Amino acid sequence: MSVRHHPTKCLGGALQTFHSTGTIVIGVSKRFLLCFFCAATALGQSTNSNAPWPSLALSDVKRIAFQRNWDLLTAKSGIDAASAQLIVAKEFPNPTLSLNSSGAPYGMGTTEGNGVWLRSYDTTVAVSQLIEIGGKRHDRQAAARAGTKGAKARFYDAKRILDQGVTKAYVAALLAGYNEQVLAESARFMKREEDIAQSRFSAGDLSDSDLKQIQISAEQFELQEATAHAATIQARIQVEVLMGDRKPTGHWAAADTLEQMDAVIPPPPTAIAGAARPDVLAAQEDLHAGQFNLRLQKAMRIPDPTFTVQYEHDPQPPGPPPDNTWGLGVSFPLPLWNHNRGNTKAAQAAVDQYELALGKAKAQNASDVANAQLEYREAFDRLQRYQTLIAPQSAKSRASVSFAFDKGAATLVDLLEAERTDNTVRMALAQAQSDTASAVADVIAAQNVLPETELESNKK
């Protein structure tokens, strides 16, 4: 008598053996006690696990991900960096203060006296201020404003992609969990058939080779269940990564079901004046920033004047009273050699790249919408066929063959084939549900639009 490795299935199998077969009681008790010990150990491990979220609905996952996801937090910090650049663009250049005092090393005193201010020092105090002309300040600020709007658009685009990714990862976790459940049910079913086959073998109604085939199939289903369990944990870990969990373990249960996910219908496209998908808005604002930067580089060919106001104090020994004078001056660089051609050409190349990027973003938007709608229609039609036709027929066929095998009217090959076929159909149905839910998420993400006025607000 072989011992199963899954404690819960083993416990259920022992009880089923006790109730449905006439095997020796002491053999069942040993198996029961061993499996009970395994189940208690697993329960203790499960109880001691530090799962931060015992149960999670999709809405919970999105809420946590929007607060803690790494990529979204990075996009949010990009808004702060762009806002800082706008502050820099709004600041005026600081004035320059200069102080100069000179005089001969002898004869410092004057007829006015020998105080510090009365000595024969030639003292000059000047204040200089650079003034930008040619619209440079306006273009610099306009480029910075466009950069801030572009950063906000990228934040909303990161949020759109995260919403899509979280939904699809959650659906993938549901699918993996359902596949594990199907294989677990098949393992229990084959265990029950193994017990019945053991009774038939003892009565001489079943050959030894058929019994061994059933036992091998039961073991295979248990191994497949273990593999599916590992896949479920991996899928849940992926969800936790999107949630920003620093130590993902995958030890949580999904509160939603595939039936709830595939029941969602994608909304129709939203037509809002001045609205576009966030990635398109980001490319649009990049183009605007590049155009203003090109204007700025062209304006840099115009020299900026520096105005100076100075005061000079010059006591004359032993001559007339101190000579105090005021002066105004202006200076600017002569554009003889440097006409800023390199920076202007680079800015023009950047504008050309931004125009191509904007066209690509718009084309990608249209492509995403068309592909997502096509994907949804195909997945939904496939789901309807499985739900209304294929799955009910498969379940009915499986039940009929199982009943016939228990009565000796069906062969072992028929039983195994019916079980594998039903597993394939049930998993295909779950895959259709998962594909439909994922397609809905793709449609929502592809059709997501944001009013351009939203980028003017201070919200993040």
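All of the points below concern the structure found in this document. (Residues numbered from 1 in each chain as written. Predicted model: local features only at pLDDT ≥ 70, side-chain atom pairs only at ≥ 80, totals over all residues. Heavy atoms only, no water.)

## Re the overall build of the chain
- The helix and strand tally for the chain stands at 10 helices and 8 strands.
- Excluding contacts between residues fewer than 6 apart, the proportion of contacts in the chain whose partners are at least 24 apart in sequence is 82%. (Helix = DSSP H or I, 4+ residues; strand = E, 2+ residues; numbered from the N terminus. Contact = heavy atoms within 4.5 Å.)

## With respect to the packing of aromatic side chains
- Taken as a whole and judged by the stated rule, the model has 4 aromatic pairs.
- Aromatic pair Tyr311 and Trp326: ring centres 4.9 Å apart, planes at 50°, arrangement tilted. Placement of Tyr311 in strand 6 (residues 306–314) and of Trp326 in strand 7 (residues 323–331) is noted, with a sequence separation of 15 residues between them.
- One Lys or Arg, Arg137, reaches over the ring of Phe92 and ends 3.7 Å from the middle of that ring.
- Taking the ring centre of Trp252 as reference, the NZ or CZ of Arg236 above it sits at 5.7 Å. (Phe/Tyr/Trp six-rings, centres within 6.5 Å; stacked < 30°, edge-to-face > 60°. Lys NZ or Arg CZ within 6 Å of the ring centre and 35° of its normal.)

## Examining the side chain of Thr436
- Checked against the element boundaries, Thr436 lands in helix 10 (residues 412–446).
- For Thr436, the residues in contact, after removing those within four places along its chain, are Asp262, Tyr376, Ala379, Phe380 and Leu383.

## A look at the side chain of Gln433
- Looking at the secondary structure, you find Gln433 in helix 10.
- Looking at Gln433, the relative accessible area reads 4%, which means it is buried.
- Polar contacts involving the side chain of Gln433 include one to the side chain of Asp262, which spans 3.3 Å.
- When sequence neighbours within four positions are dropped, the list of residues in contact with Gln433 reads Leu258, Glu259, Asp262, Leu383 and Gln387. (Buried < 20%, exposed > 50% of the residue type's maximum accessible area, 1.4 Å probe, protein only. Polar contact = N/O pair within 3.5 Å; in protein donor to acceptor, adjacent residues only side chain to side chain.)

## Observations concerning helix 5 (residues 136–202)
- Along its 67 residues, helix 5 runs 97 Å from first to last C-alpha, staying within 8% of the 99 Å computed at 1.5 Å per residue.
- Positive phi shows up at Gly204, right after helix 5, with a value of about 80°. (Expected span 1.5 Å × (residues − 1).)

## What to know about the pattern of salt bridges
- A full pass over the atoms with the stated rule returns 20 salt bridges.
- Arg382 is the partner of Asp435 in a salt bridge, and the nearest nitrogen-oxygen pair spans 3.0 Å. Of the two residues, Asp435 sits in helix 10 while Arg382 sits in helix 9 (residues 341–406), which places them 53 residues apart along the sequence.
- Residue classification places Arg382 among the partly exposed residues on the basis of a relative accessible area of 24%.
- A salt bridge links Arg398 to Glu419; its shortest N-O distance comes to 2.7 Å. Separated by 21 residues along the polypeptide, Arg398 in helix 9 and Glu419 in helix 10 bring together distant segments of the chain. For the pair Arg398 and Glu419, one class covers both residues: buried.
- Within this structure, Glu185, Arg398, Glu419, Asp422 and Arg426 form a network of salt bridges that share partners. (Salt bridge = Lys/Arg side-chain N within 4 Å of Asp/Glu carboxyl O.)

## Focus: the packing of helix 5 against helix 6 (residues 208–242)
- For the pair helix 5 and helix 6, the least separation of the axes is 8 Å and the interaxial angle reads 160°. By the angle class used here, helix 5 and helix 6 are roughly antiparallel. The element helix 5 and its partner helix 6 pack so that their crossing is left-handed.
- Grouping the amino acids of the contact of helix 5 with helix 6 by side-chain chemistry returns 22 nonpolar, 10 polar and 7 charged. (Axes fitted to C-alpha atoms, helices over the stretch in contact; angles between N-to-C directions. Parallel < 35°, antiparallel > 145°, perpendicular 65-115°, else oblique. Left-handed = near helix turned anticlockwise from the far one by under 90°. Nonpolar A, V, L, I, M, F, W, Y, C, P; charged D, E, K, R; others polar.)

## Concerning the nonpolar core
- Counting 45 residues, the largest nonpolar core has Val61, Val166, Tyr170, Val239 and Met261 as its most contacted members.
- Among the secondary structure elements, those contributing two or more residues to this core are helix 3 (58–68), helix 4 (70–90), helix 5, helix 6, helix 7 (258–262), helix 8 (278–299), helix 9 and helix 10.
- If you tally residues by element for this core, the top one is helix 5, at 14 residues.
- Excluding residues within four positions of it along the chain, Tyr170 makes contact with Leu56, Ala57, Leu58, Val61, Val239, Trp252, Ala254, Ala255, Asp256 and Met261.
- Of all hydrophobic cores here, the second largest spans 18 residues; its members include Phe189, Leu206, Phe405 and Leu412. (Core = buried A, V, L, I, M, F, W, Y, C linked by side-chain atoms within 4.5 Å.)

## What to know about unusual backbone geometry
- Despite not being glycine, Asn340 has its phi angle at roughly 60°, a positive value.
- Considering the arrangement of structural elements, one finds Asn340 in the loop between strand 7 and helix 9.
- Take Asn340: its relative accessible area is 11%, and that puts it in the buried class.

## So, the pairing of strand 3 (residues 122–130)
- With 7 bridges joining them, strand 2 (residues 96–102) and strand 3 adopt antiparallel strand pairing. Bridge pairing links Leu97 to Val127 in strand 3. (Pairing = 2+ DSSP bridges.)

## Here's the deal with a nonpolar patch on the surface
- There is a patch of nonpolar side chains on the surface, built from Ile131, Ile133, Ile302, Phe307, Val330, Phe332, Leu334, Leu336 and Trp337 and spanning about 960 Å² of accessible area.
- Within the secondary structure layout, Ile131 lies in the loop between strand 3 and helix 5. (Patch = residues over 30% accessible without salt bridge, like charges linked within 9 Å, V, L, I, M, F, W, Y side chains within 5 Å. Areas by Shrake-Rupley, 256 points an atom, 1.4 Å probe, with all protein chains shown as cover.)

## Some details on the packing of helix 5 against helix 9
- Interhelical geometry of helix 5 versus helix 9 gives an angle of 20° and a closest axis separation of 11 Å. Considered as vectors, helix 5 and helix 9 are oriented roughly parallel to each other. Handedness of the crossing formed by helix 5 with helix 9: left-handed. Only Arg398, Ser402, Phe405 and Asp406 of helix 9 make contact with helix 5, whose side of the interface consists of Phe189, Arg192, Glu193, Ile196 and Arg200.
- Considering only residue class, the contact of helix 5 with helix 9 consists of 3 nonpolar, 1 polar and 5 charged.

## A short note on the environment of Asp205
- Secondary-structure assignment places Asp205 in the loop between helix 5 and helix 6.
- Of the residues examined, Asp205 reaches a relative accessible area of 48% and is grouped as partly exposed.
- Taking the C-alpha atoms as reference, Asp205 lies 8.2 Å from Gly408; in sequence the two are 203 residues apart.

## Some words on the environment of Glu452
- The residue Glu452 is located in the segment after strand 8 (450–451) in this model.
- Classification of Glu452 by relative accessible area gives partly exposed; the value is 25%.
- Residues Glu452 and Arg277, 175 residues apart in the sequence, show an inter-C-alpha distance of 9.5 Å.
- Among the polar contacts made by the side chain of Glu452, one reaches the side chain of Gln284 at a distance of 3.3 Å.

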